[in-house]
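Structure at a glance
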Amino acid sequence: MAFKTEEMILNMGPQHPSTHGVLRLEVELDGELIISVKPHIGYLHRCFEKHCEAMTYPQVIPYTDRMDYLASMYNNFGYVVTMERFLNIQVPERVEYIRVIMGELQRIASHLVALGTYGVDIGAFTPFLYCFRDREKILSLFEMTCGARLLYNYMWIGGLSHDLHPDFIPACKEFLRYFKPNITELNNLLSFNKIFIERTANVGILPAETAINYGVTGPNLRGSGVKYDLRRNDQYSVYDRFDFEIPVGTGANGTLGDCWDRYYVRVREMEESIKIIEQALEQLPEGDINTAIPKRIKPPAGSIYGRVENPKGELGYFIMSDGSTSPYRLKVRGPSFVNMTVFSELCKGHLVADVIAILGSIDIVLGEIDR
Amino acid sequence: MKTREEIFNSLKQEFPRDVLEFQNVPVEPVITVNPLAINKICHFLRDVEGFEFDTLMCLSGIDDANGEKITEADGTVTIKGGVLSVYYHLYSIKLNHKVTLKVSASRENPEVESVESIWKCADWHEREAYDMFGFIFLHHPDLRRILMPYDWEAGYPLRKDYKNPEFYQGIKIPY
Amino acid sequence: MKSLLDQEFTDSNIVITKVDDLLNWARLSSLWQLGFGLACCAIEMMATSASHYDFDRFGVIPRPSPRQADIIIISGTVTLKMATRIKRLFEQMADPKYIISMGSCSNSGGPYWEHGYHVLKGIDRIIPVDVYVPGCPPRPEALLEGLLKLQEKIRKESMVSKTV
């Protein structure tokens, strides 16, 4: 007797506890095996690019905060670096070092959220609480500097909004001293946990050639073995004065390029960020925190594409100006927007439960995808 | 590693009718190209030795708004004629060089050849350019709206003469 | 020596009160929230549930399904595409249900009020709101104060009048 089967379409709707925001996945299933996954986005489209055409260049900075709301310092950093290249402005040394310190602290905070929520998706609740406890300490350092916990508006064109608080440097050194053993604790709890490895190794394997063709960047590309980091390859700010490694995936617990590799690259990146912050604190010079810039910023008529290494990948700003005080067109190339395109490729042939594991390992933020 | 001038000269030799000019605008020079030949030019740029552009960093649409501005009866401005453009930013990981290409298509019928078969990341970028400006990318496998709702009928939001509707499915939009 | 609870009840553990007070006390002490975060305010809501500003000590735990939730905290910008889905989720929740609007985007459109062609200027255009928490994003302490104000509102309710 023939067994009659039918395919089922399962809707993981915009309201879902594990989709990291408002994302809708249309999953076509044959029993528990996935045939295809279609992501639907646009539920957080906030018309950022239309707003930029009506604001002046400095007024755009608070809007850039709100795109990738887990790494606002780096969004500011990317915009300010691109504008300074466009206007050909040189900022003081002290500003460069402070920007690097804030950027790397933000990288640690963003990775802590990624690792904590990945644990909750797989089923482990305790690492989430530990990661958020450590993140609160970084947020209080940011609050000491500029007054805000999540969306800072800190880096301005030509400098910064506030200088460092006198207590910042001892507090930052104390935080680094406190945080180093916590990475070992996280590894013992989650990274080398047998159940976690069973669920994430050999799942969602991304070969290096496919990753480059799909435009994937950041820890996802490095997890597939490609040693490509914009802080080294397309140098910006003062990153060439620091000594740090670029961690890549090695396939230690499964195949090269699986979910565990991408996850472990993020853990190793936190260790490297601690090294960069220690070196920057030692070399921090005295000086002014603002340069003289014209009262109304009017770049020459033309265009520029500048990019930085966000915690999630390559963040690019394409700015086109027509000589007036507002941008004519400002397009943002969000890393999560491009990383998401490879998701339907990765899911083919896996089970339903692996969809969540793969989605968590790509580490997306919907504010950046939809802008 | 090649400079943008060298890349322009090699392209001009290979495709004399389709590569149009080298615009030396401030900060980053741009190479303008025929919109219906962009596919074969990008194949050349990706596969030939010495160029090897293996990633597309960004693809963005722009409304040049250089047509005739007509003031309607209710005071708003519509634009007739002129062009819409698409900018392509390419990068080579192996050889570490960049190039910027530009294509322009007419406002009433903006047809551009798709590069999705060359770099898969152009898929969603082209859907977004269609959603925001109205470009029709020929031979794209699945061209539909991506950010706006699928039943949005009020036009293409990022054009300079876009007018906001008052209601959407019974919900009032303006403040 | 008698324990604290024994000292409260002098008459062999019997308390006399009104039915209204009893129901209101039960409702406000265990408001289960629907796990629903849209944008940046959702991160502050997650930080409120984490251990530093613990939400659980007020009885609030996240539930994934709208049928099992009492309260929905709209945190983040509401777009037109999402508005129809929120209306449907709200209608699926069972009575008595309460809404907290967190952040300036869901109060009145936020920083996107002027040129946002796809932003809903305030969630109260489609569902009725009980408490508004201002801020962009509001601090976790502000969200806790919003919850306490909601508890005060529930304390004054009565069985004869509808909540929503």
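Presented here is a report on the structure given in the accompanying data block. Everything quoted here is computed from the prediction, not taken from an experiment.

About the criteria used
Residues numbered from 1 in each chain as written. Chains lettered and ligands numbered in written order. Predicted model: local features only at pLDDT ≥ 70, side-chain atom pairs only at ≥ 80, totals over all residues. Heavy atoms only, no water. Pairing = 2+ DSSP bridges. Helix = DSSP H or I, 4+ residues; strand = E, 2+ residues; numbered from the N terminus. Axes fitted to C-alpha atoms, helices over the stretch in contact; angles between N-to-C directions. Contact = heavy atoms within 4.5 Å. Phe/Tyr/Trp six-rings, centres within 6.5 Å; stacked < 30°, edge-to-face > 60°. Buried < 20%, exposed > 50% of the residue type's maximum accessible area, 1.4 Å probe, protein only. Parallel < 35°, antiparallel > 145°, perpendicular 65-115°, else oblique. Left-handed = near helix turned anticlockwise from the far one by under 90°. Nonpolar A, V, L, I, M, F, W, Y, C, P; charged D, E, K, R; others polar. Buried area = accessible area lost by both parts, 1.4 Å probe. Salt bridge = Lys/Arg side-chain N within 4 Å of Asp/Glu carboxyl O. Polar contact = N/O pair within 3.5 Å; in protein donor to acceptor, adjacent residues only side chain to side chain. Expected span 1.5 Å × (residues − 1). Arc of directions from axis to C-beta.

The subject of this paragraph is the sheet that holds strand β7 (residues 98-106) of chain B. All names here are of chain B. With mixed pairing, 5 strands are arranged side by side in an open sheet as β1-β2-β7-β6-β3. Looking at strand neighbours, the two that pair on one side only are β1 (19-23) and β3 (55-63), the edges of this open sheet. Taking each pair of neighbouring strands and ignoring which way they run, the sheet shows an average axis angle of 25°. Along the sheet face, helix α1 (residues 4-14) touches β1, β2 (30-33) and β7 and points at about 165° away from the line of β1. The strands touched by helix α2 (residues 38-47) are β1, β2, β6 (83-91) and β7; relative to β7, the strand with the most contacts, the crossing angle is about 170°.

Before going further, it helps to spend a moment on the packing of aromatic side chains. All names here are of chain A. Evaluated as defined, the whole model comprises 29 aromatic pairs over all chains. Here the aromatic rings of tyrosine 97 and phenylalanine 242 are separated by 5.9 Å at their centres, their planes lie at 85°, and the arrangement is edge-to-face. Highlighted residues: tyrosine 97 in helix α4 (residues 93-122) and phenylalanine 242 in the loop between α10 (230-233) and α11 (259-283), separated in sequence by 145 residues. Of the two residues examined, tyrosine 97 and phenylalanine 242, each falls in the buried class. An angle of 70° between the planes, with centres 6.4 Å apart, marks the rings of tyrosine 239 and phenylalanine 244 as edge-to-face. Residue phenylalanine 244 is classed as buried on the basis of its relative accessible area of 3%.

Residues and elements named next belong to chain A. Orientation of α4 relative to helix α5 (residues 126-146), taken along the N-to-C sense of each, is 155°, at an axis distance of 9 Å. Classified by the interaxial angle, the pair formed by α4 and α5 is roughly antiparallel. The way α4 lies across α5 gives a crossing that is left-handed. Residues Met102, Leu105, Gln106, Ile108, Ala109, Leu112, Val113, Gly116, Thr117 and Val120 of α4 touch α5, and the partners they reach there are Pro127, Phe128, Cys131, Phe132, Asp134, Arg135, Ile138, Leu141, Phe142 and Thr145. Of the residues contributing to the contact of α4 with α5, the split by class is 14 nonpolar, 4 polar and 2 charged.

Another point: the interface of chain B and chain A. Residue-level contacts link 40 residues of chain B with 38 residues of chain A. A buried area of about 3,400 Å², summed over both sides, lies between chain B and chain A, and 60% of it is on carbon and sulfur atoms. Those elements that provide at least two residues to the side of chain B that touches chain A are β3, β6 and α3 (122-133) of chain B. Among the elements that make up the side of chain B that touches chain A, the one with the highest residue count is β3 of chain B (8 residues). Counted by class, the side of chain B that touches chain A contains 23 nonpolar, 6 polar and 11 charged residues.

Attention shifts here to helix α14 (residues 352-362) of chain A. Within α14 of chain A, 9 of the 11 residues are buried, which leaves it mostly tucked inside the rest of the structure. After α14 of chain A finishes, the residue aspartate 363 of chain A shows a positive phi value of roughly 60°.

Take unusual backbone geometry next. The peptide bond linking aspartate 95 of chain C to proline 96 of chain C adopts the cis configuration, its omega dihedral lying at -10°. Relative to the assigned elements, proline 96 of chain C resides in the loop between α4 (80-92) and β4 (98-102). Residue proline 137 of chain C is reached from cysteine 136 of chain C by a cis peptide bond, and omega for that bond is -10°. Assignment of secondary structure puts proline 137 of chain C in the loop between β5 (131-133) and α6 (140-155). If you check the backbone angles, asparagine 88 of chain A has positive phi at about 60° while not being a glycine. The topology assignment puts asparagine 88 of chain A in the loop between α3 (72-87) and α4. Relative accessible area serves as the criterion here: at 72%, asparagine 88 of chain A is assigned to the exposed category. If you check the backbone angles, asparagine 96 of chain B has positive phi at about 60° while not being a glycine. Within the element layout of this structure, asparagine 96 of chain B appears in the loop between β6 and β7. Judged by its relative accessible area of 35%, asparagine 96 of chain B is partly exposed.

Residues and elements named next belong to chain C. With respect to topology, 5 strands assemble into an open sheet ordered β2-β1-β3-β4-β5, the strand pairing being parallel. Two strands lie at the open edges of the sheet, namely β2 (62-63) and β5, each paired on one side alone. Here β4 runs beside β5; their pairing, made up of 3 bridges, is parallel. Looking at the pairing, methionine 102 lines up with valine 133 of β5. Sheet strands in contact with α6 are β3 (71-75), β4 and β5, and its direction is about 155° off that of β4.

Moving on, we come to the pairing of β1 of chain B. All names here are of chain B. Both β1 and β2 contribute to a ladder of 4 bridges, which runs antiparallel. The partner of valine 19 across the bridge, within β2, is valine 33. Hairpin connection between β1 and β2: a loop of 6 residues separates the two successive antiparallel strands, and valine 27 in this loop has a positive phi of roughly 65°.

So, on to the pattern of salt bridges. It is possible for side chains bearing opposite charge to pair when their charged atoms get close. Tallied over the entire structure, the rule returns 47 salt bridges over all chains. A salt bridge links arginine 99 of chain A to glutamate 84 of chain A; its shortest N-O distance comes to 3.0 Å. Highlighted residues: arginine 99 of chain A in helix α4 and glutamate 84 of chain A in helix α3, separated in sequence by 15 residues. No difference in accessibility class separates arginine 99 of chain A from glutamate 84 of chain A, as the two residues are buried. For arginine 46 of chain B, the salt bridge identified is with aspartate 47 of chain B, shortest N-O distance 3.1 Å.

Turning our eyes to something else, we now look at the side chain of serine 336 of chain A. Residue and element names in this part refer to chain A. Counting through the fold element by element, serine 336 comes out in helix α12 (residues 335-339). Judged by relative accessible area, which is 1%, serine 336 ranks as buried. Within the structure, the side chain of serine 336 is placed 2.8 Å from the side chain of glutamate 368, a separation counted as a polar contact. Leave out the neighbours within four places in its chain, and serine 336 touches Lys312, Asp363, Ile364, Val365, Glu368 and Ile369.

All names here are of chain C. The terminal C-alpha atoms of α6 lie 23 Å apart, and with 16 residues this matches the ideal 22 Å at 1.5 Å per residue to within 8%. Those residues of α6 not exposed but buried are Pro140, Leu143, Leu144, Gly146, Leu147, Leu150, Gln151 and Ile154. Taken down its axis, α6 places every buried residue within 155° of arc, on the same side.

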